[in-house]
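Secondary and tertiary structure notes
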Amino acid sequence: MTQAFIVDALRTPVGRRNGALADIHSADLAAAPLSTMFDRVGVETEAYDEIILGCIDQIGPQSFDIARTAWLGAGGSEAVPGTTIDRQCGSGQQAIHYAAQAVMSGTSDLIIAGGVQNMSTIPIGTANSIMKDQGFSTPFTGSKSWADRYGDQVISQFHGAEMIANRWGITRDQAEAFAAESHRRAIAAQESGFFAEEILPLGGLRDDEGPRTPNRAKMRELQTLRPNGIHTAASASQISDGAAMLAIASEHAVEEHGLVPRARIHHISARADDPVMMLSAPIRATRFALERTGMDIDDFDAIEINEAFASVVLAWEKELRPDMSKVNKHGGAIALGHPIGATGARLMTTLLHSLEDSGGRYGLQTMCEGGGQANVTIIERLDN
């Protein structure tokens, strides 16, 4: 089986809801880093086998296979097809997995994988809301087979986050301390110039819009997202806009086009857990990946786990016991934002640059996803 390499990784800044990127069409949002990547990789676009993008709520400007639309908008060859996928919040990471699988199987040699989401234009859950307004069943109502197994249990990410907090004994104070640290790390990364290598300025924006100086007193004044819950807007990921792209290449493509691989994809897998609790699967998925690879959590020099809610990461920490100084070293979605279809690719872009910045060897990425799912990707930085 051939190996899959990351040749390049690039992203837009993450824009705050109704911020600097809000009025950019989703296809243009994706085309911006894509066209720049064409130039950086330096390969004729017809040599690519495919583009695979993650995107949720594929309606309006995000409909009609936005991967293909963005590819053409970026000036890519008309000969190259595109695929748009929905693995909920892990869509961008799953796009990378599909690209790696195609390369590892020998059926493809050079693929762009990533994600895009404009949540200002298309709010989260829009597709579901439209169908509900039209009188159609939602994913969890009107299905006898679903009801036979799960009854009328509440299916909500907010409910799931609170279930996790209750099960693992996470307090509001702990969640807000974690959120404050996310902002502190993100601001430190911005001030040091860490993100400069991975961000393509866009819409007059050079930095992620989300990070702000944390104020614990103000956090304590916020209303919880659920009655008697522990999470507020301060300890949940931000609604955001953005896109991220990675070039995945085979050994053959690297040799044929004179490419310089920056990392090797060491492992890819996905597991799932309780769909009602919804957000706990990174625990099972990480354990599965460690068992498959024979690695230990301490073997990683950098780890990215999506900060959908503070309780997700804190529960994962209690179970896996990582060195938290290596986890989300430059902040996470609570500070940087969470453009849902793109976040998986954004995390991988940051993970790659984090390993290169520190000289580390192995990095791990995981994230919770709707339906109680989670992906895990392990990469190995290469010396060039």
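All of these numbers come straight from a predicted model, not from anything done at the bench.

A word on the packing of helix α3 (residues 91-105) against helix α13 (residues 343-358)
Between α3 and α13, the least distance of the axes is 4 Å, while the angle of their chain directions is 70°. The angle between the axes of α3 and α13 places the two elements in the roughly perpendicular class. Within the contact between the two elements, α3 uses Gly92, Gln93 and Ile96 and α13 uses Gly344, Ala345 and Met348. Looking at the contact of α3 with α13, its residues break down into 3 nonpolar, 3 polar and no charged.

Overview of helix α1 (residues 26-41)
For an α-helix the count is 3.6 residues per turn, leaving residues at separations of three or four pointing the same way. With 16 residues, α1 extends 23 Å between its outermost C-alpha atoms, agreeing within 8% with the 22 Å of an ideal straight helix rising 1.5 Å per residue. Along α1, the positions that sit buried rather than exposed are Ser26, Ala27, Leu29, Ala30, Ala31, Ala32, Pro33, Leu34, Met37, Phe38 and Val41. Elements in contact with the buried residues of α1: β1 (4-11), β3 (50-54), α2 (66-73), β5 (110-118) and β6 (240-250). Positive phi shows up at glycine 42, right after α1, with a value of about 75°.

Let's talk about unusual backbone geometry
Backbone geometry at aspartate 65 places phi at a positive 60°, although glycine is not the residue there. Within the element layout of this structure, aspartate 65 appears in the loop between β3 and α2. Owing to a relative accessible area of 26%, aspartate 65 belongs among the partly exposed residues under this scheme. Unlike most non-glycine residues, asparagine 228 shows phi in positive territory, near 65°. As for its position among the elements, asparagine 228 is in the loop between α8 (216-221) and β6.

Focus: a nonpolar patch on the surface
On the surface, Ile130, Met131 and Phe136 cluster together into a nonpolar patch covering about 280 Å² of accessible area. Among the structural elements, isoleucine 130 can be located in helix α4 (residues 126-133).

Some details on the packing of aromatic side chains
By the definition in use, this model includes 7 aromatic pairs. Ring geometry for phenylalanine 194 against phenylalanine 195: centres 5.2 Å apart, planes inclined by 70°, an arrangement best described as edge-to-face. The buried category is assigned to phenylalanine 194, whose relative accessible area is 9%. Three or more aromatic residues joined by ring pairs form one cluster here, namely Phe38, Tyr48 and Trp71. One residue, arginine 271, lies across the ring of phenylalanine 288, its end atom 4.7 Å from the ring centre.

Considering the pattern of salt bridges
As enumerated under the stated definition, the model contains 16 salt bridges in all. The partner of arginine 11 in a salt bridge is glutamate 198, and the shortest N-O contact between them spans 2.6 Å. Within this pair, whereas arginine 11 is found in strand β1, its partner glutamate 198 is found in the loop between α7 (172-192) and α8, the two being separated by 187 residues in sequence. Of the two residues, arginine 11 and glutamate 198, both sit in the buried class. One salt bridge connects arginine 287 with glutamate 319, and the closest N-O pair in it is separated by 2.5 Å. Here arginine 287, found in helix α10 (residues 281-293), pairs with glutamate 319, found in helix α11 (residues 310-320); they are 32 residues apart in sequence, far enough to count as distant.

A few points about the environment of glycine 115
Relative to the assigned elements, glycine 115 resides in strand β5. As for glycine 115 and leucine 259, which are separated by 144 residues in sequence, their C-alpha atoms are 23 Å apart. Once residues lying within four places of it in the same chain are set aside, the contact partners of glycine 115 are Leu53, Gly54, Gly242, Ala243, Ala244, Met245, Gly341, Ala342 and Ala345.

Section: α13
Relative to the 22 Å expected for 16 residues at 1.5 Å per residue, α13 spans 22 Å between its end C-alpha atoms, a close match to the ideal helical length. With 13 of 16 residues buried, α13 lies mostly within the body of the structure. Phi turns positive one or two residues past the end of α13, at glycine 359, with a value near 80°.

Comments concerning the layout of surface pockets
The calculated volume of the largest pocket comes to roughly 1,300 Å³. Contributions of two or more residues to the lining of the largest pocket are made by α4, α6 (157-168) and β9 (362-369). The element best represented in the lining of the largest pocket is α4, accounting for 4 residues. Per-class residue counts for the lining of the largest pocket are 21 nonpolar, 14 polar and 7 charged.

Some thoughts on the side chain of aspartate 208
By the secondary structure assignment, aspartate 208 is in the loop between α7 and α8. Among the residues examined, aspartate 208 registers a relative accessible area of 5% and is labelled buried. Looking at aspartate 208, its side chain comes within polar contact range of the main-chain nitrogen of valine 14, at 2.7 Å. In contact with aspartate 208, not counting residues within four places along its chain, are Arg11, Pro13, Val14, Gln190, Phe195, Ile199 and Leu336.

Details of the pairing of strand β4 (residues 82-85)
Regular strands place side chains that alternate from one sheet face to the opposite one. Across 4 bridges, the pairing between β3 and β4 is parallel. When the bridges of β4 are listed, leucine 53 appears paired with threonine 84. Taken together, β3, α2 and β4 constitute a β-α-β crossover, and its handedness is right-handed.

Rules used in this analysis
Residues numbered from 1 in each chain as written. Predicted model: local features only at pLDDT ≥ 70, side-chain atom pairs only at ≥ 80, totals over all residues. Heavy atoms only, no water. Axes fitted to C-alpha atoms, helices over the stretch in contact; angles between N-to-C directions. Helix = DSSP H or I, 4+ residues; strand = E, 2+ residues; numbered from the N terminus. Parallel < 35°, antiparallel > 145°, perpendicular 65-115°, else oblique. Contact = heavy atoms within 4.5 Å. Nonpolar A, V, L, I, M, F, W, Y, C, P; charged D, E, K, R; others polar. Expected span 1.5 Å × (residues − 1). Buried < 20%, exposed > 50% of the residue type's maximum accessible area, 1.4 Å probe, protein only. Patch = residues over 30% accessible without salt bridge, like charges linked within 9 Å, V, L, I, M, F, W, Y side chains within 5 Å. Areas by Shrake-Rupley, 256 points an atom, 1.4 Å probe, with all protein chains shown as cover. Salt bridge = Lys/Arg side-chain N within 4 Å of Asp/Glu carboxyl O. Phe/Tyr/Trp six-rings, centres within 6.5 Å; stacked < 30°, edge-to-face > 60°. Lys NZ or Arg CZ within 6 Å of the ring centre and 35° of its normal. 1 Å grid on protein atoms, 1.4 Å probe; cavity = no way out; pocket = protein on both sides within 12 Å on 5 of 7 lines; lining within 4 Å. Points joined across faces, edges and corners; volume = space filled by probe spheres on them. Polar contact = N/O pair within 3.5 Å; in protein donor to acceptor, adjacent residues only side chain to side chain. Pairing = 2+ DSSP bridges. Right-handed = clockwise from strand over helix to strand, strands pointing away.

Note that all results are geometric; they support no functional claim without further evidence.
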